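# Inside the fold
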Amino acid sequence: LTKVPADTILKVVSAVGLPTFSRALQRDGTIDSIFRRTSLGLLAAGGAGLGLMILAGPAVIRILYDNRYQEAGWMVQIVAVGVWFQVLEGINTAALLTLGEPKWVAAGNIVKVACMIVVLPLAYRAYGFAGALAGMALVDVPRYLIVAARARVRGVGGWTGEVAITAFVLLTAVTAHFLRTEGHARSLLLAGLVFLAIWPVPCWIVFRILRKPRTDAPAAVAG
């Protein structure tokens, strides 16, 4: 359930983002401008999709599954936060691959595995299965930071948009933690209202930014 919005975004990155970045690199010698615009739109869509999953996930689980699977509701919320960092990492990975930097992608994966080896046993020992699940979600953070930091070094911006939308994802997760409503209809209604209270503003801002014409594209050189 949590990977549906993430997989959709990452498929778009693979099918559209990589070719677009490659053409921009060949044409302009840089992918910074196109990366900022493309990633901002994809992140807004992915963040809103995961935000809705975080808010409505427990209610959806209660509707679709019987009592044996009700614990999956809070698991969906934790996993969705980790999946968000996979989305962030995936978009920055596309930039690095375009720039011929696969070794940094591999480095991020190695760091993730190392963190799993260290964090998961400690988290499980301290907080049980819930701790291990949270640890599994958080090990994607260092991988993302490594890949994104290298992209910034190569002149590909993105911190502002990524941090801003991440803040809204985390705000959604914190808010969802305090939602306690019985009944399927009321739970879904409350989730929808909270979603409408949080996500329309950042999505509208992103839409306004993307509507602005590019002003930093290299000017054509007269023959």
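Whatever comes next refers back to the structure up there.
Anyway, here's the lowdown on the structure attached to this text. Bear in mind the structure is a predicted one, so any value in this text is a computation, not a measurement.

## Regarding the packing of aromatic side chains
With the rule as written, the count across this model stands at six aromatic pairs. Look at Phe 85 and Tyr 144: their rings are 6.3 Å apart centre to centre, the planes differ by 50°, and that puts the pair in the tilted class. Here Phe 85 is found in helix α3 (residues 72–98), whereas its partner Tyr 144 is found in helix α5 (residues 140–153), with 59 residues between them in sequence. Taken as a pair, Phe 85 and Tyr 144 share a single burial class, namely buried. Relative to Trp 159, the ring of Tyr 144 has its centre 6.3 Å away and its plane inclined at 80°; by these criteria the two rings are edge-to-face. Taken together, the residues Tyr 144 in helix α5 and Trp 159 in helix α6 (residues 159–177) connect sequence positions 15 residues apart. Residue Trp 159 is classed as partly exposed on the basis of its relative accessible area, which comes to 35%. A network of ring pairs unites the aromatic residues Phe 85, Tyr 144 and Trp 159 as a single cluster. The ring centre of Trp 159 lies 5.0 Å from the NZ or CZ of Arg 152, which sits over that ring.

## Quick look at the nonpolar core
Counting 44 residues, the largest nonpolar core has Ile 31 and Trp 84 as the members making the most contacts within it. Contributions of two or more residues to this core are made by α1 (3–28), α2 (32–64), α3, α5, α6 and α7 (184–198). Here Trp 84 is in contact with Leu 43, Gly 46, Gly 47, Leu 50, Ile 165, Thr 166 and Val 169, once residues within four sequence places are set aside.

What counts, and at which threshold
- Residues numbered from 1 in each chain as written.
- Predicted model: local features only at pLDDT ≥ 70, side-chain atom pairs only at ≥ 80, totals over all residues.
- Heavy atoms only, no water.
- Phe/Tyr/Trp six-rings, centres within 6.5 Å; stacked < 30°, edge-to-face > 60°.
- Helix = DSSP H or I, 4+ residues; strand = E, 2+ residues; numbered from the N terminus.
- Buried < 20%, exposed > 50% of the residue type's maximum accessible area, 1.4 Å probe, protein only.
- Lys NZ or Arg CZ within 6 Å of the ring centre and 35° of its normal.
- Core = buried A, V, L, I, M, F, W, Y, C linked by side-chain atoms within 4.5 Å.
- Contact = heavy atoms within 4.5 Å.

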